[in-house]
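Take a look at the letters that make up each chain.
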Amino acid sequence: MPPPVGTQEARVEHPAGKLWPRPRPVLLLIWIYLCCGLEGRTQGRSESSEWTSWGAWSGCSSTCGQGASVRSRRCVRISREHACGGDSHQYRVCRLPECPSGAMPFRELQCALYNSRPVLGDQAIYQWVPFYGAPNLCDLNCLAEGHTFYYTFGRVLDGTPCSLDSDGLCINGRCLTAGCDGVLGSGNHEDNCGQCGGRNSSCLFVQRVFSETTPPSGQSYGYWNVTLIPIGARHIRVTDRSRNYLALMGSDGRYVFNGDWAVDWPGIFQVAGTQVHYSRTNDRDESLWAAGPTGEDLHLQVLFQEPNPGIEFEFWLPRDAYYVLQSHSSPLRQPQIREVEVGPQEAAPSWTQPAPFSPPREQPIETESCKPCPGAKGRSQRLLHYCRSDFVFRARVLARLRVGEETRYDIQVQHSYKNWTPLERREFLWAPGACPCPLLVLRAEYLVAAQRHINYEGTLDRLLLPHAGYARPWTPREDARIQEVAKQCPQAPPAG
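Residues numbered from 1 in each chain as written. Predicted model: local features only at pLDDT ≥ 70, side-chain atom pairs only at ≥ 80, totals over all residues. Heavy atoms only, no water.

Where an unreviewed UniProt entry is consulted, the protein chain appears under the name ADAMTS like 5, with the organism given as Vombatus ursinus. UniProt's Subcellular location (unreviewed entry) comment on the protein chain is quoted here verbatim: "Secreted". (UniProt positions renumbered as here; feature names shortened; annotations may be inferred.)

Dropping the structure here:
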């Protein structure tokens, strides 16, 4: 029969001489798709097996202390040749209240089950106690009391501690430790973000170098902010290789160590819900380390004593905390925050403006509550203080603060009559007590005789105005008097 009008049937010659219709391209593709799909479904059903869902966890193997619980699942096989991959049983650690004092340990209880029972093929009976010197810790190795031999009664029960000082538990004759998920033998660990079995994808790594070499010109050495360590930080590491000192401050403004010009001994400090390990060797190499996570913001500072070779710091942060760090500009490359008390006629210097965090331990002094104190007067007192002092200079008082149990003056040095080391244009002058004697008045100029105060390590220098020291309002007449005294003081070092 001829094909319909408008169609043309292609034919292909068979090797035997017969002619077959050539299949159309669309029909050929549909036929291949259906054949392959059916074959794939048939192979999948014949070659795969599936697990059922996990059952409920069993009770704990122990009635107190630490033990193990188990859950199981069943493999549904389509064919005998292909089994399910994985384990049919899963064990996890269960922790119950601590065992009462005098309770028999689990391994000792298992050995005691064979007490007064013949076990060696004769009528001899023994009392058995655990023996921990055998190679396999998960065998029930029991020592015969009063004898020098032990006997192995097979495996210990699941959930038996591997040894006296081990966190592992025996499961099916193997000593397994729990992963971060509590499953014995899972091998899962927390990543740097604190995620069990994670791949550090939920947090970001911060690694920087604080490279400011010295404070800006015209400012004295002192505390400088290095970085903010936001809440949630983990694996914190800081390294400093200089004679400077690292200092750590909590979110409440209280120093954890090396604060208020006092250098602490190395050690372990509890802060922000974690332990901070602070070490210092050879008076040059400093480091601190904390596992975290921190429960509050911390502020890392440095107490400058010499040019900074670079402070390396690193930590891991949750992503939201990382953006907080990026937007927090004040702790990075900024001088220490200094609150100042100034008079109504004088504005505070630009570098003394408040910042996001200010140490609350620094409080302005209530001068009204301070009692007047006698000053050092007379030629003999002037001569005595000048000769015994390390520094004699003329200075203007810019600010006054109470820092702990001391008073700190921010002064501007106008002229130096005597000094052991060169003075900066701006210095801090320290005085003992909240109401020191003499009490210096803001914006006034004084002729001051100060001493050099050195910390116990011999590395921290500062100016100290002793109690009942010499500080007289400066006048041209006072200037002439002190210069006359300078000629009479023996071995007075020249001014620099």
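*Asks:* Could you give an account of unusual backbone geometry, with specific residues and numbers?
*Replies:* The omega torsion across Gly-292 and Pro-293 is 0°, close enough to zero to call that bond cis. Along the polypeptide, Pro-293 turns up in the loop between strand S20 (285-290) and strand S21 (298-303). The omega angle of the peptide bond from Cys-437 to Pro-438 is 0°, so this bond is cis rather than trans. With a phi angle near 60°, Ser-116 is a residue other than glycine that sits in the positive phi range. (Helix = DSSP H or I, 4+ residues; strand = E, 2+ residues; numbered from the N terminus.)

*Asks:* Requested: an account of the pairing of strand S26 (residues 406-418), with residues and values cited.
*Replies:* Here S26 lies mainly inside the structure; 10 of its 13 residues are buried. Where strand S25 (residues 391-403) meets S26, 11 bridges bridge the pair, whose relative direction is antiparallel. Across the sheet, the residue bridging to Arg-394 is His-415, located in S26. Linkage of S25 to S26, two consecutive antiparallel strands, is achieved through a turn of 2 residues, within which Gly-404 is found at a positive phi near 65°. (Buried < 20%, exposed > 50% of the residue type's maximum accessible area, 1.4 Å probe, protein only. Pairing = 2+ DSSP bridges.)

*Asks:* Lay out the packing of aromatic side chains with the relevant residues and their values.
*Replies:* The geometry of two aromatic rings is summed up by the distance between their centres and the angle between their planes. Under the definition given, this model contains 16 aromatic pairs. Between Trp-224 and Phe-304, the aromatic rings sit 6.0 Å apart at their centres with planes inclined by 70°, giving edge-to-face as the arrangement. Taken as a pair, Trp-224 in strand S14 (residues 223-229) and Phe-304 in the loop between S21 and strand S22 (311-318) lie far apart in primary sequence, 80 residues in all. Relative accessible area serves as the criterion here: at 1%, Phe-304 is assigned to the buried category. (Phe/Tyr/Trp six-rings, centres within 6.5 Å; stacked < 30°, edge-to-face > 60°.)

*Asks:* Which residues make up the sheet that holds S20, and what values do they have?
*Replies:* With antiparallel pairing, 6 strands are arranged side by side in an open sheet as S13-S22-S15-S20-S19-S18. Both edges of this open sheet fall to strand S13 (203-210) and strand S18 (267-271), since each of them pairs with a single strand only. On average, each strand axis in the sheet is tilted by 15° relative to the strand beside it, whichever way the strands run. By the bridge criterion, 5 bridges tie S18 to strand S19 (residues 274-281) in an arrangement that is antiparallel. Bridging from a neighbouring strand, Phe-269 pairs with Val-276 of S19. (Axes fitted to C-alpha atoms, helices over the stretch in contact; angles between N-to-C directions.)

*Asks:* So what's going on with the state of the cysteines? Residues and values would help.
*Replies:* If you walk through the whole model with that rule in mind, you get 8 disulfides. Paired by a disulfide, Cys-60 and Cys-94 hold their sulfur atoms 2.0 Å apart. Its S-S torsion of approximately 80° makes the covalent link between Cys-60 and Cys-94 right-handed. With a gap of 34 residues between them, Cys-60 in the loop between strand S3 (49-51) and strand S4 (66-72) and Cys-94 in strand S6 (residues 89-95) connect regions that are remote in the sequence. In this structure Cys-60 comes out as partly exposed when scored by relative accessible area, which is 25%. The disulfide partner of Cys-138 is Cys-170, and the gap between their sulfur atoms is 2.2 Å. Judged by the sign of its S-S torsion, about -85°, the cystine formed by Cys-138 and Cys-170 is left-handed. Of this pair, Cys-138 sits in the loop between strand S7 (128-130) and strand S8 (139-144) while Cys-170 sits in strand S11 (residues 169-171), and the two are 32 residues apart along the sequence. Exposure remark for Cys-170: the relative accessible area of 1% places this residue in the buried category. (Disulfide = S-S within 2.5 Å.)

*Asks:* Go over the pattern of salt bridges, please, and point to the residues and values.
*Replies:* All chains considered together, the criterion is met by 5 salt bridges. A salt bridge links Arg-394 to Glu-445; the shortest N-O distance between them is 2.9 Å. Remark: Glu-445 occurs in strand S28 (residues 445-454) and Arg-394 occurs in strand S25; sequence separation between them is 51 residues. Arg-481 is paired through a salt bridge with Glu-478; the nearest N and O atoms lie 3.8 Å apart. You can see Arg-481 and its partner Glu-478 sitting in helix H5 (residues 476-488), 3 residues apart, about one turn around the helix. With relative accessibility at 30%, the residue Arg-481 sits in the partly exposed group. Taking relative accessible area as the criterion, Glu-478 reaches 4% and is therefore assigned buried. (Salt bridge = Lys/Arg side-chain N within 4 Å of Asp/Glu carboxyl O.)

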